[in-house]
Amino acid sequence: MVAIVPGSSLTPDLLADPKLSRLVTDGRGSLSFILGNSASRQRLLGENIHWDRILLAFEDGHAVGYAALKYRMRGPFALRIKPFVREFGWLSGTLRFAAFCLSEWREWRYPFLLYGLRVRKSARNHGIDSAMLQACSKLAATCGLAAVYLEVPLANDRARHLYLQNGFSLLRKRWVPWPPVRSMRRDVEAQP
């Protein structure tokens, strides 16, 4: 049995579990040149998660996936320089923090962005990713927004196929080729 729940609905004890924050912070692997390896990402972002911007998928009581969201000028991570300086030193930490901020801020043009979606390999092909996409659309509609946007890496055919199967459509190619992603959009139905 799969349950999709907002991270903010979990107990503080469960949210303090490092396995749960690691699941979410591991998803920023595309920014490893800025954030470092999995352990670095956990130290940089693990204590700065906005759980109200995370949907978690549980299968048989175990967290197996998440969807991270950005909307209303807030994303899944608080931007804080101190962890970057502590992790990489003053100069490198400041430069990496600035690069991370630029990466984060360029996405604010979307009213409701699916910032990241990840399902553990052992739980794939169980419909969890589609259920999370449905939950994201429902949340966007509840917030009074008309669409969910996302950016998919050009090289990730599997993800693009998943999104197309779940009602997303490709948007025009961007003028700027970096990062190498394609924007997608899914209209949502208004919620009463």
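Residues numbered from 1 in each chain as written. Predicted model: local features only at pLDDT ≥ 70, side-chain atom pairs only at ≥ 80, totals over all residues. Heavy atoms only, no water.

> What exactly am I supposed to notice about the layout of surface pockets here?
Empty pockets left among the atoms are what a rolling probe the size of a water molecule brings to light. Put simply, the largest pocket is a space of about 910 Å³. Contributing to the lining of the largest pocket are 33 residues, with G27, S30, E151, P153 and N156 lying nearest its centre. If you list the elements that add at least two residues to the lining of the largest pocket, you get β4 (112-119), β5 (147-153) and α8 (157-165). Examining the composition of the lining of the largest pocket, we find that 7 residues originate from one element, β4, more than from any other. Considered as a void within the structure, the second largest pocket measures approximately 150 Å³ in volume. In terms of lining, the second largest pocket is formed by L14, D17, K19, L20, F58, G61, H62, A63 and R120. Secondary-structure elements contributing two or more residues to the lining of the second largest pocket are α2 (18-25) and β3 (62-71). (1 Å grid on protein atoms, 1.4 Å probe; cavity = no way out; pocket = protein on both sides within 12 Å on 5 of 7 lines; lining within 4 Å. Points joined across faces, edges and corners; volume = space filled by probe spheres on them. Helix = DSSP H or I, 4+ residues; strand = E, 2+ residues; numbered from the N terminus.)

> What's the story with a nonpolar patch on the surface in this structure? I'm lost.
Residues W90, L91 and L95 make up a contiguous nonpolar surface patch of about 400 Å² in total accessible area. With respect to the secondary-structure elements, L91 resides in helix α6 (residues 90-105). Looking at L91, the relative accessible area reads 54%, which means it is exposed. (Patch = residues over 30% accessible without salt bridge, like charges linked within 9 Å, V, L, I, M, F, W, Y side chains within 5 Å. Areas by Shrake-Rupley, 256 points an atom, 1.4 Å probe, with all protein chains shown as cover. Salt bridge = Lys/Arg side-chain N within 4 Å of Asp/Glu carboxyl O. Buried < 20%, exposed > 50% of the residue type's maximum accessible area, 1.4 Å probe, protein only.)

> Just to check I follow, could you spell out the pattern of salt bridges for this structure?
A complete count under the given rule lists 8 salt bridges for this structure. With a closest N to O distance of 2.6 Å, E87 and R43 form a salt bridge. Taken together, the residues span a long stretch of sequence, with E87 in helix α5 (residues 82-88) and R43 in helix α4 (residues 38-45) at a distance of 44 residues. Put simply, E104 and K70 hold a salt bridge, and the shortest N to O gap is 3.4 Å. Here the residue E104 occupies a position in helix α6, and K70 occupies one in strand β3, the gap between them amounting to 34 residues. For K70, a relative accessible area of 1% corresponds to the buried category. Salt bridges linked by common partners bring D52, R53 and R74 together as one network.

> Any chance you could explain helix α7 (residues 128-142) here in plain terms?
Count 3.6 residues to each turn of an α-helix, and residues three or four apart come out pointing the same way. In this model α7 runs 21 Å from its N-terminal to its C-terminal C-alpha over 15 residues, within 8% of the 21 Å that 1.5 Å per residue would give. If you check which residues of α7 are buried, you get I128, D129, M132, L133, C136, S137, A140 and A141. G144 occupies a position one or two residues after α7 and carries a positive phi of about 80 degrees. (Expected span 1.5 Å × (residues − 1).)

> Explain the nonpolar core here, please?
Considering soluble globular proteins, one finds that nonpolar side chains tend to be buried as a cluster. V24, L35, W51, I54, L56, Y66 and F100 are the most contacted members of the largest nonpolar core, which totals 27 residues. Broken down by secondary-structure element, the contributors of at least two residues to this core are α2, α3 (32-35), α4, β2 (54-59), β3, α6, β4 and β5. Setting aside residues up to four positions removed in sequence, F100 forms contacts with L31, I34, L35, L45, L79, F84 and Y115. Y71, L114, L133 and C143 belong to the second largest nonpolar core, which has 20 residues in total. (Core = buried A, V, L, I, M, F, W, Y, C linked by side-chain atoms within 4.5 Å. Contact = heavy atoms within 4.5 Å.)

> Would you take a moment to explain unusual backbone geometry for this structure?
Negative phi is the rule for most residues except glycine; trans is the rule for most peptide bonds. The backbone phi angle of D60 is positive, close to 55 degrees, even though this residue is not glycine. Following the sequence through the fold, D60 ends up in the loop between β2 and β3. Judged by relative accessible area, D60 falls into the exposed class, the value being 60%.

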